[in-house]
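Fold and contact review
Listed here are the chains, written in short residue letters.
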Amino acid sequence: GESVGLHLPTLSVQEGDNSIINCAYSNSASDYFIWYKQESGKGPQFIIDIRSNMDKRQGQRVTVLLNKTVKHLSLQIAATQPGDSAVYFCAESTGGYSTLTFGKGTMLLVSP
Amino acid sequence: GAVVSQHPSRVICKSGTSVKIECRSLDFQATTMFWYRQFPKQSLMLMATSNEGSKATYEQGVEKDKFLINHASLTLSTLTVTSAHPEDSSFYICSAGDFQSSADTQYFGPGTRLTVL
């Protein structure tokens, strides 16, 4: 099901640190997962995705890990920068044009 | 590529009036677009799925007569909030799928901030 929270979990890190943002999903039938970044007052921005036949995928400074056994998804950001400060959402779907279900989001605060 | 725009970015209206929000895919054709609303410090909640040339599919609890959706072309979907009330004030975001590259990936518009007085 969906997770919609009234209070966003917050992760505070120093510039240059590595950040890890976690997400638990609930639908065992989900086979496509996406991480989005949302800055204040803007729409979500695609970061990276992964399909269920993989357990790791790397992009530029970002890595997504998928553990289907415990239904857990994580986003790792290397050498975090102040510009990475935003709310990060994971989303899951059963692929194709099926709907996305969003997690509740994590606010990442990067201090210089 | 895969750019989605929304218009207007902000709108303030009086209670009882109707407001139309446009969602456009600028560099790709989108047979399916999605409409979300987002309250402060909360996640995105799917309102409806908009399919080109057919009726929209609404999520449970979303009034289809209040939130009218039209998807008349492969690049444009509109959401009309009819007889808006203060509780309709929210951030409305659309997304579209780029079927030419990855059918699974949704790209989001910048959102429309609706304030109903």
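Summary of the structure given here. Numbering of residues starts from 1 in each chain and follows the order in which that chain's sequence is written. Chains and ligands are labelled by the order in which they are written, letters from A for the one and numbers from 1 for the other. For a predicted model such as this one, the threshold for reporting local features is a pLDDT of at least 70, and the threshold for listing and counting side-chain atom pairs is 80 or more; totals across whole chains, interfaces and linings nevertheless cover every residue. No hydrogens and no water enter the side-chain calculation; it runs on all heavy atoms of the structure.

1. What about the environment of Cys 13 of chain B?
Residues and elements named next belong to chain B. Where we set the bar: Numbering of helices and strands runs from the N terminus; a helix is a DSSP stretch of H or I covering at least four residues, while a strand is a stretch of E covering at least two. Burial classes follow relative accessibility: with a 1.4 Å probe on protein chains only, a residue under 20% of its type's maximum area counts as buried, one over 50% as exposed, and anything between as partly exposed. Any two residues whose heavy atoms approach within 4.5 Å are treated as being in contact.
Of note, Cys 13 is situated in strand β2 (residues 10-13). Since its relative accessible area comes to 9%, Cys 13 is described here as buried. With residues up to four places along the chain from it excluded, the contact list for Cys 13 reads Val 19, Ala 84, Leu 114, Thr 115, Val 116 and Leu 117.

2. Details of the state of the cysteines
Formally, a disulfide is one covalent bond, and it connects the sulfur atom of one cysteine to the sulfur atom of another. We apply this condition: Defined by distance alone, a disulfide is two cysteine sulfur atoms within 2.5 Å.
Inspection of the entire model under this criterion finds two disulfides over all chains. Disulfide pairing is shown between Cys 23 of chain A and Cys 90 of chain A; the S-S distance is 1.7 Å. Residue Cys 23 of chain A is found in strand β2 (residues 19-24), and its partner Cys 90 of chain A is found in strand β8 (residues 86-93); the two are separated by 67 residues along the sequence. Take Cys 23 of chain A and Cys 90 of chain A: they sit in the same class, and that class is buried. Shown here is the disulfide that connects Cys 23 of chain B with Cys 94 of chain B, its sulfur atoms set 2.0 Å apart.

3. As for the environment of Met 54 of chain A
Residue and element names in this part refer to chain A. Tracing the backbone shows Met 54 in the loop between β4 (45-51) and β5 (56-58). C-alpha of Met 54 to C-alpha of Leu 66: the two residues are twelve residues apart in sequence and 7.3 Å apart in space. Those residues within four positions of Met 54 in sequence are excluded, and the remaining contacts are Leu 66 and Lys 68.

4. What to know about the sheet that holds strand β7 (residues 67-73) of chain B
Residue and element names in this part refer to chain B. Threshold: Strands were regarded as paired on the criterion that DSSP finds at least two bridges between them. Note on geometry: axes are lines fitted to C-alpha atoms, helical ones only across the stretch in contact, with angles between N-to-C directions running from 0 to 180 degrees.
With antiparallel pairing, the four strands of this open sheet are ordered in space as β1-β3-β8-β7. Two strands in the sheet have a free side with no partner beyond their single neighbour: β1 (4-7) and β7. Direction aside, neighbouring strands of the sheet carry axes that sit 15° apart on average. Pairing analysis gives six bridges linking strand β3 (residues 19-25) to strand β8 (residues 76-81), with the strands arranged antiparallel. For Arg 24, the partnering residue across the bridge sits in β8 and is Leu 76.

5. Comments concerning the nonpolar core
Stated precisely, the cut-off is as follows: Nonpolar core, defined: a set of buried Ala, Val, Leu, Ile, Met, Phe, Trp, Tyr and Cys residues in which side-chain atoms within 4.5 Å join the residues together.
Grouped together as the largest cluster of nonpolar side chains are 25 residues, with contacts concentrated most on Trp 35, Phe 67, Leu 79, Tyr 92 and Leu 114 of chain B. Residue contacts for Leu 79 of chain B: discarding those within four places in its chain leaves Val 19, Lys 20, Ile 21, Trp 35, Phe 67, Leu 68, Ile 69 and Tyr 92 of chain B. Core analysis: the second largest hydrophobic core is formed by 19 residues, Leu 66, Tyr 88, Cys 90 and Val 110 of chain A among them.

6. What about unusual backbone geometry?
Going from His 7 of chain B to Pro 8 of chain B, the amide bond is cis rather than trans, its omega being 0°. For Pro 8 of chain B, the location among the structural elements is in the loop between β1 and β2. Positive phi is not limited to glycine here, since Arg 61 of chain A has a value of about 65°. You can see Arg 61 of chain A is positioned in the loop between β5 and β6 (62-67). With relative accessibility at 30%, the residue Arg 61 of chain A sits in the partly exposed group.

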